[in-house]
Protein chains: 2
Amino acid sequence: MEKMDNQLSDLVNKELKVDVAAPNKSPENDKAGNHSKRTENDKDGNHSKGSQNEKGGSQSKGKGKSGKFVLKTPKGTRDYGPMEMAYRREVFNVIYSVFHMHGAVQIETPVFELKDVLTGKYGEDSKLIYDLEDQGGEILSLRYDLTVPFARYVAMNKIDNIKRYHVARVYRRDSPAMTRGRYREFYQCDFDIAGQFDAMIPDAECVQLVHQVLSKLGLGEFTIKINHRKILDGVFGSCGVPSEKFRPICSAVDKLDKSPWEEVRKEMVDEKGLDEEVADKIGNYVKLSGREELLETLANDELLKSSPSAQAGFADLKLLFQYCKSLGCAEHLVFDMGLARGLDYYTGVIYEAVLTAGQNFGEEGPVGSVAGGGRYDGLVGMFDPKKKTVPCVGLSFGIERLFTIYEQKMRAESNKVRATQTEVFVVTACKGMVHERLKLLGLLHEAGIKAEGSYKNNPKILNQLQYAEDNKIPLVALIGESEVEAGVVKIRDTVTREETTIKREELVETVRQKLGGL
Amino acid sequence: MEKMDNQLSDLVNKELKVDVAAPNKSPENDKAGNHSKRTENDKDGNHSKGSQNEKGGSQSKGKGKSGKFVLKTPKGTRDYGPMEMAYRREVFNVIYSVFHMHGAVQIETPVFELKDVLTGKYGEDSKLIYDLEDQGGEILSLRYDLTVPFARYVAMNKIDNIKRYHVARVYRRDSPAMTRGRYREFYQCDFDIAGQFDAMIPDAECVQLVHQVLSKLGLGEFTIKINHRKILDGVFGSCGVPSEKFRPICSAVDKLDKSPWEEVRKEMVDEKGLDEEVADKIGNYVKLSGREELLETLANDELLKSSPSAQAGFADLKLLFQYCKSLGCAEHLVFDMGLARGLDYYTGVIYEAVLTAGQNFGEEGPVGSVAGGGRYDGLVGMFDPKKKTVPCVGLSFGIERLFTIYEQKMRAESNKVRATQTEVFVVTACKGMVHERLKLLGLLHEAGIKAEGSYKNNPKILNQLQYAEDNKIPLVALIGESEVEAGVVKIRDTVTREETTIKREELVETVRQKLGGL
C-alpha cells in the first residue's frame, strides 16, 4: 500500500459519503420553504395555497393548486435529521441523569386518550385539541399535554404517591411559529411528584431540579420566577375582583411576559368587564418582583394583611426560599407577582425558568420560558369517582427550545457532535476482498467495537479513507492481500494519519487501547 | 441513634412507600379487566358493553351503559408502569448499542402524515389506518409503520444514501390481542439502509444485526428464515399463476406460519380463483425449507431452471449465505420457501426471526416472529416526482414481544431490575432536621450522586430505613443532632446493615468508594 496523504485532499469522487446534511435542511432553516412564509394567522392549514407551490423548496413538489401530490410533513410538524437527533440525545441524557438523580420512575401513556378524559381540563385552549375521526369505535383525541394523562393514570391505578418522569410528544392545533421553535407536535419532558407530603418539600425539589438541569446544560444565565396562585387570588379578592372572575383575570395577568401592562389592563376592562379602578389596583401588585424582602413587605401590605389566601401563599413561598437555600438552589429565585401561568389547574406554588442573557432565536428575540410548572392539588380528584384527590406538584421542560439553544451553542463552539458513534472503519486496499472485510467487521463487532465498512465489492481505497475522515471515524483498520497473507492489519489514526502494523489477533486489544487514549 | 435491626422486619407502617406495584397491574395481566375479555372479532370498540361495567376491574369505573364517565385507556392501548419501563430501557439500550455498532444515524418523523402519503402503500391493511378528524386543515392519518415515512423522508430530502434507525410507536386499528402482545399502539424499532450498493452486502448486514440483537438479549434459541420475492415470483410464474395474482397469492402463502397448508390452499382456490392443480404445484415448493443445499437443489429444479426470476433469487441467497458466514452469523439461517411477508412493497430478499424454544406467552402458545424485513427497491420512487428511486433494505424488531419475553425471563431469574437508580437515601434520626436533610441532599446531588430523602418534616427513622430496604437503595446516609454537631455522617449498607461514621467532608468520596465496590 502506498502513501496517499497528499492525494486525499484532492479527492472529489466520494462514492460512499452518507448525506447527513440534507436531512438537516429543516423547515425553519429553509427560508424559501413552506412553513416559514406562513403568517401566524394562517389557521386553515390549507396546503394548496401560499408559498407551497414555489419551486426550489425541498418540501413542495408537484400537486398543490394543480391537484398533484405534495411531498411535505403536516403543517406545524417536521422531521428531525441525524445531526439534530445527535444533539437531542445529548440534551435528553443530561435531563434523564437529573431525573434519575432524584429517584424518579418512568411511565408511558398512549398518544391518544378518550376525548372525555381531556374535556374540561384546558379552558379556552380546548379548541386546540386534535380529534381522531370517528371510525366506528371510541371517540379519541391526541394528548394535549402529559399532566392530564398523568392525573388519569394516578386515579385509574389508585396510586397514593409516585415520583415519575414522562418524556413524549404532545399535540396542539395552534398557529405554528416554527422560527421560534413553536410546533403543533412537540416534546414535553415532565417530572411530577404526587402524594400527601409536608409543605414545600416536594415543591423545593422541583425548583432544585430545574436549577440542576439548566446548570448542567450550560446555556448561560437563568432566572427561576416563582409566585403562588393563593397570592394572586388574595390580590384579586382584596382588589375587588368577583371570585368567578379569578381565573379569567389570572389568564390576563399571564400575558404580562409578552405584552405591556396597558394591553393586559385593556383585556381586563374591555374583554373581562373589570372596573378600571380594580384593574389599576391589580396593576400596582402584578408589576412587582424581587427576592425574599418583597415577600416580607407584601405580607405586611395594608390590603393583603387581611387576606388569608394571600397570607397562606406568602408563608409557603417563605418556606420555599428557605428550603431552596438548604438545597443550594436559591440564587436564581425571583419572586415575581406578574407570573400567573396559563393553565386553570394550578392551585399553589407556580414557577417558570427563563434564560436571561444572550440566548436569542436570531432576529426573533429572546428565548423566554424554558421550564415551568407548579402545584395542582385538584386534578387527580377530577378523575376519581369518589373525588378522592392526590396532591401533585410538577414541572415541564420546554425541551424544543432547549434543543435549539443547545444546538446553536454547540455549533457556535464548533463542538464536534457526530451523528454516528463509529470507532473503526474497515478498509480494503485491493479488489476481491469483500469477504476479508466482512470477516474483520464480524471480529470487531463480536468484541463490541463500533465498526463499519464499504457496501461496495471493490471500493476505491482513497474513497474509503476519505469517508473515515469526513465522518470523523477515529481509526481505520486496513488490509490488502499482503496483510491477509501475513495475518496482520494496519491501524491508521484518522487525525494524525499514523499507521502501525499489528498482528490480527492483537487487533481488538490495540483498537481498545487506541480508543482509550483518544 | 439506637440499634434497630430487629425491629425493621416488624415494621408495618410504611408511610413513605411509593406504590410502584399498582401501575404494573396492566390490562393483559388483569384477567378480570376489560381488554382481556374481548373477543378478537370485537371490532367496533364500543366501550359501553361487554365486561366494561363489571365492578372490581381497576379500569372500568362509573359511566359505560349508565352514561357515566369511564376511566380507561383507549381500546388496544395501555399505560406502562415504572417496572415495565425499567425493563424496556434495558432492551432498548441493547438494541441502540447494536445500531450504533453499525454506524447508524437516528431520525424522527411526525406521528401523523398527510393521508396521501400512506394511501396505496399497505394493500388490504389500509382499512386499519387511523384517520384524524377533518378540523378544517390538512387530511391527516396516524402512521401505520416507520417504513413509508422513511421512504417519504428519503425522497423529500433527496437523500442518495443513509443508514438510519428509528424507534417510535405506530398505529393500527386492528383487533387487539393484548394477551399475545398485540396492540393498536405499539413500538416499532427499525433499521434501514438506503442507497445503490453492491448485491447482498447491506442485506447481509441486516441479517447480522438481527443475529447480534437476539444474541445479546439472550432470549434463547432463534432461527432467521430467509426467502426471496423473486424466487416466489419465479415459483408462481412457473406453476402457472397469472402475474396479476402474484401479490394476492403471496399474501396467502404468508399465512403458512399460522395456518396449515390446507387452509392456505383453500384461500388460493376459493377466494383467489386459482386452479387446484396450480395451487398443488405451489404447495410442493412452499412447504420446503433447509440450508444452502436446498438452494442448490432448487436452482437445478426442472421447473425453476428456466425461470430467470427464480434464478436471480437463488444467486442472491447463495451470496447472502456466503457473506453471513464471513460475518459469523450464518448458523441460524434457514432458507424457508414458505416465508412470504405480508407487505406488498418487498422486491428482493425477505427475512424473519423466530424464537424457537421455550418462549411462550403462557397458554397462548409460542411467541413467533420477533423481527422481520427485507429489500424494497421501489418505495422511495413512489414519492419522487420523477420516479427516481433509491434501493432500500431494512428490518423491524417486534419490540413489544421482545419486551414481554425479556421481562418474563428477568422475573423468572429473580433478576433485580429496579425502577429507580437511587444510590443513597438520606435519613434523619430526630425531629426538626428537614434543613439538614436538604443540605445533605444538595451536597450529594452536587457531586452527581443519585440521592433521595423523605418528603416529611419529621419522618420516623424506621420508616426511612424500611423505604431504603424496600426500594433496594444500596446506601443510607444518616444524621441525628449529635452527628450534625460533630460534623459527621453515618453510612449504612442497606444489605449488610453495617454502619460506619465518617467526616462530613469525606461523604462524597466514601459513597463513591462504597458504590464502586458493590
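Small disclaimer: the values here were computed from a predicted structure and weren't measured.

From N to C terminus, chain A includes 16 helices and 16 strands. Going through the 518 residues of chain A one by one, you find that 60% of them count as buried. Here the contacts in chain A between residues at least 6 apart in sequence split such that 69% fall between residues at least 24 apart. Summed over its atoms, the accessible surface of chain A is roughly 20,100 Å², and 48% of this surface lies on carbon and sulfur atoms.

What follows deals with the sheet that holds strand β14 (residues 475-479) of chain B. The strands that make up a sheet are held in pairs by hydrogen bonds between backbone atoms, and each pair lies either parallel or antiparallel. Residue and element names in this part refer to chain B. Sheet architecture is open: five strands sit in the order β13-β12-β14-β15-β16, paired in mixed fashion. Edge strands, defined here as strands with exactly one partner in the open sheet, are β13 (451-453) and β16 (499-503). Shown here is a sheet whose adjacent strand axes are inclined to one another by a mean of 30°, direction ignored. Bridging between strand β12 (residues 424-428) and β13 involves three bridges; their strand directions are parallel. Opposite phenylalanine 425, over in β13, you have glutamate 452 as the bridge partner.

What follows covers the pattern of salt bridges. Evaluated as defined, the whole model comprises 59 salt bridges over all chains. Among the salt bridges present, the one from glutamate 499 of chain A reaches arginine 492 of chain A, with a minimum N-O distance of 3.4 Å. A relative accessible area of 3% means that arginine 492 of chain A is categorised as buried. A salt bridge links lysine 272 of chain B to glutamate 267 of chain B; its shortest N-O distance comes to 2.7 Å. By relative accessible area, which is 14% here, lysine 272 of chain B ends up buried.

As a further point, take the UniProt feature "binding site: L-histidine" (unreviewed entry) in chain A. Residue and element names in this part refer to chain A. Using the residue numbers shown here, the UniProt feature "binding site: L-histidine" (unreviewed entry) corresponds to Asp145, Leu146, Thr147, Arg172, Gln188, Asp192, Arg341, Tyr345 and Tyr346. Here aspartate 192 lies in strand β5 (residues 185-194). Setting aside residues no more than four positions away along its own chain, aspartate 192 makes contact with Phe150, Ile162, Lys163, Arg164, Tyr376, Val393, Gly394 and Leu395. A distance of 2.8 Å separates polar atoms of two side chains, one belonging to aspartate 192 and the other to arginine 164.

What follows deals with the interface of chain A and chain B. Contact with chain A, which involves 114 residues of that partner, is made by 113 residues of chain B. When the buried area of chain A at its contact with chain B is split by residue, Glu108, Met156 and Tyr455 of chain A rank highest and sum to 9% of it. Taken together, the links from chain A to chain B amount to eight salt bridges. Ionic pairing is found between aspartate 79 of chain A and arginine 152 of chain B, a salt bridge with its closest N-O pair at 2.6 Å. Connecting chain A to chain B are 50 residue pairs in polar contact (both at pLDDT 80 or more). It is helix α13 (residues 434-446) of chain A that contributes the most residues to the side of chain A that touches chain B, seven residues altogether.

Before going further, it helps to examine the side chain of aspartate 316 of chain A. Residue and element names in this part refer to chain A. Within the secondary structure layout, aspartate 316 lies in helix α11 (residues 308-327). Although aspartate 316 is buried, it makes no salt bridge; lysine 230 carries the closest opposite charge, 5.4 Å away. Among the polar contacts made by the side chain of aspartate 316, one reaches the side chain of histidine 228 at a distance of 2.8 Å. Excluding anything up to four places from it in sequence, aspartate 316 contacts Ala199, Met200 and His228.

Right, let's talk about a negative patch on the surface for a bit. Together, Glu133 and Asp134 of chain A together with Glu133 and Asp134 of chain B line one region of the surface with negative charge. Mapped onto the secondary structure, aspartate 134 of chain B falls in the loop between α3 (115-118) and β3 (140-142).

Looking now at the relation of the copies chain A and chain B. Taken as rigid bodies, chain A and chain B are interconverted by a rotation of 180° and an axial shift of 0.0 Å, the fit giving an RMSD of 0.0 Å. Interpreted geometrically, this transformation is the action of a two-fold axis. Most of the interface of chain A is mirrored in chain B, where 99% of its interface residues are also at the interface.

Residue and element names in this part refer to chain B. With 10 of its 10 residues buried, strand β5 (residues 185-194) lies for the most part within the structure. Side chains of β5 alternate between two faces, with Glu185, Tyr187, Cys189, Phe191 and Ile193 and Phe186, Gln188, Asp190, Asp192 and Ala194 buried alike. Note: strand β4 (residues 162-171) against β5, 10 bridges, orientation antiparallel. For isoleucine 162, the partnering residue across the bridge sits in β5 and is alanine 194. Where β5 and strand β11 (residues 392-397) come together, six bridges link them in antiparallel fashion. What sits directly across from isoleucine 193, in β11, is valine 393.

Let's shift gears to the side chain of aspartate 233 of chain B. All names here are of chain B. For aspartate 233, the location among the structural elements is in helix α6 (residues 229-239). Aspartate 233 sits in the buried class, given a relative accessible area of 18%. In this structure, aspartate 233 is in contact with Phe246, Arg247 and Ser309, ignoring residues within four places of it in sequence.

About the cut-offs
- Residues numbered from 1 in each chain as written.
- Chains lettered and ligands numbered in written order.
- Predicted model: local features only at pLDDT ≥ 70, side-chain atom pairs only at ≥ 80, totals over all residues.
- Heavy atoms only, no water.
- Helix = DSSP H or I, 4+ residues; strand = E, 2+ residues; numbered from the N terminus.
- Buried < 20%, exposed > 50% of the residue type's maximum accessible area, 1.4 Å probe, protein only.
- Contact = heavy atoms within 4.5 Å.
- Areas by Shrake-Rupley, 256 points an atom, 1.4 Å probe, with all protein chains shown as cover.
- Pairing = 2+ DSSP bridges.
- Axes fitted to C-alpha atoms, helices over the stretch in contact; angles between N-to-C directions.
- Salt bridge = Lys/Arg side-chain N within 4 Å of Asp/Glu carboxyl O.
- UniProt positions renumbered as here; feature names shortened; annotations may be inferred.
- Polar contact = N/O pair within 3.5 Å; in protein donor to acceptor, adjacent residues only side chain to side chain.
- Buried area = accessible area lost by both parts, 1.4 Å probe.
- Lys, Arg positive; Asp, Glu negative; His and termini not counted.
- Patch = residues over 30% accessible without salt bridge, like charges linked within 9 Å, V, L, I, M, F, W, Y side chains within 5 Å.
- Charge placed at Lys NZ, Arg CZ, Asp CG, Glu CD.
- Least-squares fit on C-alpha atoms with pLDDT ≥ 70 in both.

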